[in-house]
Amino acid sequence: MRGLRVVIGLLGLVALAGSAVAADMPVKAPPPAATAYDWTGLYVGGHIGYAAGSSRWSAMPTGAAGPAQSGSLDLFNNFNAFNGMGSYFEGFQAGYNYMLPSRWLFGVEADVSFPNTIAGTSNLSSASIGTATYSETVEFSGTLRGRIGYAPNLGTAHWLFYATGGLAWTYDQFTRTQIAGLPAGGTAVPGQTENLFLVPRMGGVAGAGVELALPSNWSARLEYLFTDYGNRSVTFPAGAQRFSSDLNVSELRFGLNYKLNGGPNAGNTAIAPPTPEFDNFAIHGQTTFLSQYVFPFRNPYSGQNSLDPNQGRETWDTTAYLGMRLWQGAELWVNPEIDQGFGLSSTLGVAGFPSGEAYKVGASVPYARVPRYFVRQTIDLGGDTQKVDGAANQFSGSQTANRLVLTVGKFAVTDIFDTNKYAHDPRSDFMNWALIDTGTFDYASDAWGFTYGAAAEWYQGDWTVRGGLFDLSVVPNDVELDPHFAQFQWVGEIERRYDLWGQPGKVALTGFLSRGRMGSFSDAIALAAATGGVPQTAAVREYRSRAGLSFNLEQQITADLGMFARAGFTNGNIEPYEFSDIDRTAAAGLVLAGKSWGRPDDTVGLAGVINGISGVHQAYLNGGGLGILVGDGMLPHPAPEQIVEAYYQLPVSFFKLTLDYQFIVNPAYNSDRGPASVVAARMHAQF
């Protein structure tokens, strides 16, 4: 499976979704005759879509005699904007087309799709089984299809109309949960769940689509597919039932392809895909695979949120950055993404967690998300004109030095605040949470790090003032954002840019104020003492505030050497809401390009961070309390968490390889455990 994920990750460079329209190509007088487009060749690409599925099922007892039961599942799920769930999917495809002189086309294509939530549940009840639920979830699926189409020569517009059909497969999860009662002949008790994971189904698929050729070897398509997976039977031993069911799924897909051996002009051969940026549309992409291992370390005891020694974990993600110009100065960006994998110990055990690519949720099978969709309005206010290069979530063009920038939608607070060019992106520089962001910056987010909000930035000369209002999650560190915006956060930042001895630098001061239902450590400890239990902040939450302030410095020392520093503090008696268990922090580091040893594209980085917590926070953990990331069950000998990280990055083919080492002293503020050594390898590519 790991090899498959790496291959998929490479294909993910062209995993694109959204809409794109070919701009008219300028011609010189006299206009030449339009060149017929040749669709022949290999192509790779990506797609995004929405699915509706249904399944009819019947269940027979396998133990004592009892009645048969039947029902149906509706696998369609509406999009939930506050937890990101819905029956959408994302995936990749690759194929080959051959076009005859008559402009009829024959082709073959294989694809794989990863859904967010294509799932349904039924309730069943009888005297012989009690009450139970039965559900089916599509984990991932794919097809192998032939294509037959016709490409009329319509001049400058190059269209392909086609029909398609072939084989389909899916791997699903079947689940039965006993709600009440006891099944005759079975052993299931109320609350017991049986999961049958990655159960295969086979079937057939048919559909039709239309595709439009774009400049630079790209093409866009819209496609409908209907898949019938036939019948499948599964048995739940504890529930003493055997279920038989069918499954059919309808999908509407949008996709983009990149043609590997040909282009709008016959004979063109492209080795690497150029960035498809048109007058009003832009598409960028990235893929990152990161593997980490923590060596054995001193481990006299551990708790629910402890870092486990001698383990390895990996994460992989692929993101498409799809942009559209709306009107003068306005841009819409949507970022569909596929995620997979786990952080060490399920992203637990260290306040300064060693992988910024590991979210607080994980999955063994890739799944689809849309973490960002926002509108950005830039209003020029004068001053020098600056060139802007095209990049992820950024059109190429120009802007004035003085400007007002408004951003509204769903994005990461750290897309705008607490940025630092030397330590901010776990896909290309340091990996540790407390180095890429200020550890005490408890920014609003869901468990993946994103939220709804609005931000304003005013650039004037060497100064920038930023402010924003953002939605907190329903409860601290949750997967769902507050749909009523009753819990929210204010963020403000002042930035000053300058030159020091002819080298550019900047310094920023960032503050936040969160308003939500939070617990205090002192209240949790007092309640535990009164009841004889373990302190839990969830038991003493009430509507209150939590504030913090941080400092952020970046300074270029030479053309090849730069440094950064961060420091911050926050209220140590109120539980952190979203980010990590850090009440005070200080970090600094250096980043050096490899020009001096003859490798200008290489980069080496070295940094350190010290994290601390308040005395009452230590007492809470010592009493067995759990935080967002830490909690060893006790903390008899607290000490500051100290982390050193070093990395070396070098280009390999079309991607960058990073080798990383982190030395963690007193993980989770516990001097009884560790120190821990973590090594990592990261592969990252983008266009």
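Here is what the cut-offs are and how they apply
- Residues numbered from 1 in each chain as written.
- Predicted model: local features only at pLDDT ≥ 70, side-chain atom pairs only at ≥ 80, totals over all residues.
- Heavy atoms only, no water.
- Helix = DSSP H or I, 4+ residues; strand = E, 2+ residues; numbered from the N terminus.
- Contact = heavy atoms within 4.5 Å.
- Areas by Shrake-Rupley, 256 points an atom, 1.4 Å probe, with all protein chains shown as cover.
- Lys, Arg positive; Asp, Glu negative; His and termini not counted.
- Charge placed at Lys NZ, Arg CZ, Asp CG, Glu CD.
- Pairing = 2+ DSSP bridges.
- Patch = residues over 30% accessible without salt bridge, like charges linked within 9 Å, V, L, I, M, F, W, Y side chains within 5 Å.
- Salt bridge = Lys/Arg side-chain N within 4 Å of Asp/Glu carboxyl O.
- Buried < 20%, exposed > 50% of the residue type's maximum accessible area, 1.4 Å probe, protein only.
- Core = buried A, V, L, I, M, F, W, Y, C linked by side-chain atoms within 4.5 Å.
- pLDDT = per-residue confidence, 0-100.
- Phe/Tyr/Trp six-rings, centres within 6.5 Å; stacked < 30°, edge-to-face > 60°.
- Lys NZ or Arg CZ within 6 Å of the ring centre and 35° of its normal.
- Arc of directions from axis to C-beta.

1. Topic: the overall build of the protein
Item 1. Tallying secondary structure elements over the protein gives four helices and 27 strands in all.
Item 2. Expressed as a percentage of contacts within the protein between residues at least 6 apart in sequence, the contacts between residues at least 24 apart total 71%.
Item 3. Carbon and sulfur atoms provide 62% of the accessible area of the protein, an area that totals close to 27,200 Å².
Item 4. Put simply, the protein has 42 plus and 58 minus side-chain charges, and the middle of one group is 2 Å from the middle of the other.

2. Quick notes on the pairing of strand β23 (residues 584–594)
Item 1. Both strand β22 (residues 561–570) and β23 contribute to a ladder of nine bridges, which runs antiparallel. When the bridges of β23 are listed, M563 appears paired with L590.
Item 2. Once β23 ends, the chain turns through four residues before running back antiparallel as strand β24 (residues 599–612), passing G598 with a positive phi of about 80°.

3. Digging into a nonpolar patch on the surface
Item 1. Taken together, the side chains of L42, Y96, Y98, V108, L144, L167 and L260 present a nonpolar region at the surface, about 620 Å² in accessible area.
Item 2. Locating Y96 in the fold gives a position in strand β3 (residues 88–99).
Item 3. Its relative accessible area of 33% is what places Y96 among the partly exposed residues.

4. Digging into the nonpolar core
Item 1. In this structure, F417, F430 and F470 are the most contacted members of the largest nonpolar core, which totals 59 residues.
Item 2. In terms of residue count, helix α2 (residues 433–436) provides more of this core than any other element does, four residues in total.
Item 3. In this structure, I118, L124, V138 and Y229 belong to the second largest nonpolar core, which totals 23 residues.

5. Brief notes about the confidence of the model for the protein
Item 1. Averaged over all residues, the pLDDT of the protein equals 92, while 93% of them reach at least 70.
Item 2. Note that pLDDT drops below 50 for residues 1–33; the model gives that stretch 76 contacts with residues more than four away or on any other chain.
Item 3. Low pLDDT, under 50, characterises residues 263–271; the stretch is placed with 16 contacts to residues that sit more than four places away or in other chains.

6. Focus: the pairing of strand β26 (residues 655–665)
Item 1. Of the pairings in the sheet, the one linking strand β25 (residues 641–652) to β26 comprises 11 bridges and is antiparallel in character. Among the inter-strand pairings, Y648 is bridged to a residue of β26, identified as L659.
Item 2. With antiparallel pairing between neighbouring strands as the criterion, β25 and β26 make up a hairpin whose turn holds two residues, including S653 at a positive phi of roughly 60°.
Item 3. Both β26 and strand β27 (residues 676–686) contribute to a ladder of nine bridges, which runs antiparallel. When the sheet's bridge partners are listed, Y661 is paired in β27 with V679.

7. What to know about unusual backbone geometry
A negative phi angle characterises most non-glycine residues, just as the trans form characterises most peptide bonds.
Item 1. The amide bond that connects G674 to the next residue, P675, takes the cis arrangement and shows omega of 0°.
Item 2. Mapping P675 onto the fold places it in the loop between β26 and β27.
Item 3. The residue N217 is not glycine, and still its phi comes out positive at about 75°.
Item 4. When you line up the elements, N217 lands in the loop between β9 (193–213) and β10 (218–236).
Item 5. Take N217: its relative accessible area is 8%, and that puts it in the buried class.
Item 6. If you check the backbone angles, N666 has positive phi at about 60° while not being a glycine.

8. Observations regarding the packing of aromatic side chains
Aromatic ring pairs are defined here through the distance separating the ring centres and the angle between the ring planes.
Item 1. Per the counting criterion, the structure on display carries 38 aromatic pairs.
Item 2. Judged by centre distance (4.8 Å) and plane angle (75°), the ring pair of Y37 and W39 falls under edge-to-face. W39 carries the same exposure label as Y37, and that label is buried.
Item 3. Pairwise contacts between aromatic rings join Y50, F76, F79, F82, Y88, Y373, Y452 and F485 into one cluster.
Item 4. It is R369 that lies over the ring of W448; its NZ or CZ is 3.5 Å from the centre.

9. Some points on the environment of D308
Item 1. Locating D308 in the fold gives a position in the loop between β12 (281–294) and β13 (311–327).
Item 2. The class for D308 is partly exposed, based on a relative accessible area of 37%.
Item 3. Separated by 233 residues in the primary sequence, D308 and R541 place their C-alpha atoms 30 Å from one another.
Item 4. Apart from the residues lying within four places of it in its own chain, the contact partners of D308 are V294, F297 and S345.

10. A short note on helix α3 (residues 521–531)
Item 1. Along α3, the positions that sit buried rather than exposed are F521, A524 and A528. Taken down its axis, α3 places every buried residue within 65° of arc, on the same side. Opposite the buried face of α3, by more than 90 degrees, sit the exposed residues A529 and A530.
Item 2. Lining the buried residues of α3 we find α4 (615–622).
Item 3. Looking one or two residues beyond α3, the residue adopting positive phi is G532, at roughly 75°.

11. Some remarks on the side chain of T603
Item 1. Position of T603 among the secondary structure elements: in strand β24.
Item 2. Note on T603: relative accessible area 18%, which makes it buried.
Item 3. With sequence-adjacent residues up to four places away left out, T603 is seen in contact with V591, L592, A593, Y647, Y648 and Q649.

12. Details of the pattern of salt bridges
Item 1. As enumerated under the stated definition, the model contains 35 salt bridges in all.
Item 2. For E554, the salt bridge identified is with K506, shortest N-O distance 4.0 Å. Taken together, the residues span a long stretch of sequence, with E554 in strand β21 (residues 542–556) and K506 in strand β20 (residues 503–518) at a distance of 48 residues.
Item 3. Residues D583 and R546 are paired through a salt bridge, measuring 3.7 Å at the closest nitrogen-oxygen approach. Highlighted residues: D583 in the loop between β22 and β23 and R546 in strand β21, separated in sequence by 37 residues.
Item 4. The network of salt bridges with shared partners includes E109, D111, R145, R147, E211, R221, E223, E251 and R253.

13. A few points about the side chain of T440
Item 1. As for its position among the elements, T440 is in the loop between α2 and β17 (451–460).
Item 2. Taking relative accessible area as the criterion, T440 reaches 2% and is therefore assigned buried.
Item 3. Filtering out sequence-adjacent residues up to four positions away, T440 remains in contact with F512, L549, G568, F569, T570, I582, D583, R584 and T585.

14. Section: the environment of G312
Item 1. Position of G312 among the secondary structure elements: in strand β13.
Item 2. Sequence spacing of G312 and Q686 is 374 residues, and the spatial spacing of their C-alpha atoms is 25 Å.
Item 3. When sequence neighbours within four positions are dropped, the list of residues in contact with G312 reads Q292, Y293 and L344.

15. Focus on α4
Item 1. Every buried residue of α4 is accounted for by H617, Y620 and L621. For α4, the arc enclosing every buried residue in end-on projection is 95°, short of the 170-degree limit, so these residues lie on one face.
Item 2. Lining the buried residues of α4 we find α3.
Item 3. Downstream of α4 by one or two residues, G624 has phi in the positive range, about 100°.

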